[in-house]
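Inside the fold
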Amino acid sequence: MPRVNRSVVLTLLVVSSSVFLLFQLHYYRKYVSKAGPHILSRTGHLTASDVQWTVKKFLALAQRFRLPMFLADTAALTLLSQDALRQRDRQVREPHCSFLCTDRPITSFALHANLWKYDSGFLLAAEQKGFEVLQLRGEDPRLASLDNLSGEDIPLHFLFRLNGYIIQVVFLYERSGNYLWHGALRLKAHMDRSFAPFKLLDYGRHAGAYDRPELVLTVLDGLDIQVPRNVSHFLSEQPHSSFLECRYRDARNFLQLYPDDTSPTAMDFRRKAKSLLHLAARTLKQLNIPFWLSSGTCLGWFRQCSIISYSRDVDIGIFITDFRWDIIAAFRDAGLSLKHKFGKVEDSLELSFISDDVKLDIFFFYEDGDIVWNGGTQAKSGRKFKYIFPHFSLCWTELLELKVRVPCETLDYVTANYGSSWSIPVRTWDWKSSPSNVQENGVWPRAEWVELIQVY
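Residues numbered from 1 in each chain as written. Predicted model: local features only at pLDDT ≥ 70, side-chain atom pairs only at ≥ 80, totals over all residues. Heavy atoms only, no water.

**Focus on the overall build of the protein chain**
- When its secondary structure is counted, the protein chain shows 12 helices and 20 strands.
- Taking all 456 residues of the protein chain together, 50% fall into the buried category.
- Nonlocal contacts in the protein chain, meaning residues at least 24 apart in sequence, comprise 67% of its contacts between residues at least 6 apart.
- A total of about 23,700 Å² of accessible surface is found on the protein chain, and carbon and sulfur atoms cover 53% of it. (Helix = DSSP H or I, 4+ residues; strand = E, 2+ residues; numbered from the N terminus. Buried < 20%, exposed > 50% of the residue type's maximum accessible area, 1.4 Å probe, protein only. Contact = heavy atoms within 4.5 Å. Areas by Shrake-Rupley, 256 points an atom, 1.4 Å probe, with all protein chains shown as cover.)

Rendered as structure tokens:
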């Protein structure tokens, strides 16, 4: 048997090692370092250590620039629930990355914008650390008003990409209604639409509003991270956080055609209406009952960003499924007097309270197939009426320095109630015949009037 030449063997080993090294270099350049949303880590696939390494690198940078930031990632926060923790304890796949490794290519953080002095050096430092940065800005709605229709440019979202992994930072701004707001993420024509998997982002599809969370510092996967103390409440807000800005431009055009009443009587009503709306919001929040602006109060917000001074009342809507029997006692304890109670829980319930000569009308809404309706009752005759609306969802907005809900499909809602001429003020209004969506709905049996028609 011929002897193997050592030089030949050594040469073959060197050649094969070189080929393997060239293959690794080609693989890295083609896939790992390739820009775009394709998620590959330093090792060619996403691992727990890669996620930890990326987030740790970002958090160190954030700490250096003293960013008042907390974890807002819905997938990661969901894993903080006790049920999830018990399940993870039984089936731990990544013992060193139990929370941040969510099988998503994104981790979302929220930044208290009012607590941070904007420092452009932060973005430069991020780029020096290897992050690619996409900065999205927009107008500050807090500076917009009927007198000034444009606010200054402010940062809304930062997206950081490293080896295909995305870290989103959403800026939360304080609003006058004592809540936090973030803007929508809007890509301009020149921006790279392949920078991140935008459809997977927790924040940015729409503007959002949140209660101000109390934060606690904790350790997640070996990293010091601030999280909301009440994680469940924060998570419950996220799917219902959509926010609609007041239409200041349209409101100003309306008020140029129909100047607002500035008489002492009108000013006094607006002051009382604001106080009553705030009181109603506090009372219903204690009962955990969601409500929205309805009827003339909704029209005033949508049309002129204010209360209609000649309406002389405040109107809100509540789904009948959220009714609680202690609602009357709660409003009485808050200092309001019950003015009337019409109908019953099963049909056309309506409550009216009064405070300081201003009436609060609460209309309860019923779902019926593809429509939603609320009832009305004429006390002297027992006649019933029904007001028909298309189905709607609820969004947050701000009115009179209060974070409050309105129908997201506001135009459809207002048009259903007031017709296509809703933009023209009508001072003479008959609730039984003027609304576009009113229908006769029978008569209450006289034998039941004592229970169903109560006037105080």
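**Regarding the nonpolar core**
- Membership of the largest hydrophobic core comes to 61 residues, with the highest contact counts inside it found for Ile 327, Phe 331, Phe 353, Leu 360, Ile 362, Phe 364 and Phe 365.
- For this core, the leading source of residues is helix H8 (residues 264–286), giving eight residues.
- Setting aside its immediate chain neighbours within four residues, Leu 360 contacts Leu 276, Ala 280, Val 314, Ile 316, Phe 331, Leu 336, Leu 351, Ser 352 and Phe 353. (Core = buried A, V, L, I, M, F, W, Y, C linked by side-chain atoms within 4.5 Å.)

**Some words on the state of the cysteines**
- All chains considered together, the criterion is met by two disulfides.
- Between the sulfur of Cys 246 and that of Cys 305 lies a disulfide, 1.6 Å long from S to S. Taking the torsion about the S-S bond as the criterion, the Cys 246 to Cys 305 disulfide, at about -140 degrees, is left-handed. Linking Cys 246 in the loop between helix H6 (231–237) and helix H7 (248–257) with Cys 305 in the loop between helix H9 (295–304) and strand E11 (313–319), this pair joins segments that are 59 residues apart in sequence.
- A sulfur-sulfur separation of 2.1 Å characterises the disulfide bridge that pairs Cys 395 with Cys 408. Residues Cys 395 and Cys 408 are joined by a disulfide whose S-S torsion is about 110 degrees; by sign, that bridge is right-handed. In this pair, Cys 395 sits in strand E17 (residues 394–399) while Cys 408 sits in the loop between strand E18 (402–407) and helix H11 (410–418), placing the two residues 13 residues apart along the sequence.
- For Cys 395, a relative accessible area of 6% translates into the label buried.
- Relative accessible area serves as the criterion here: at 22%, Cys 408 is assigned to the partly exposed category. (Disulfide = S-S within 2.5 Å.)

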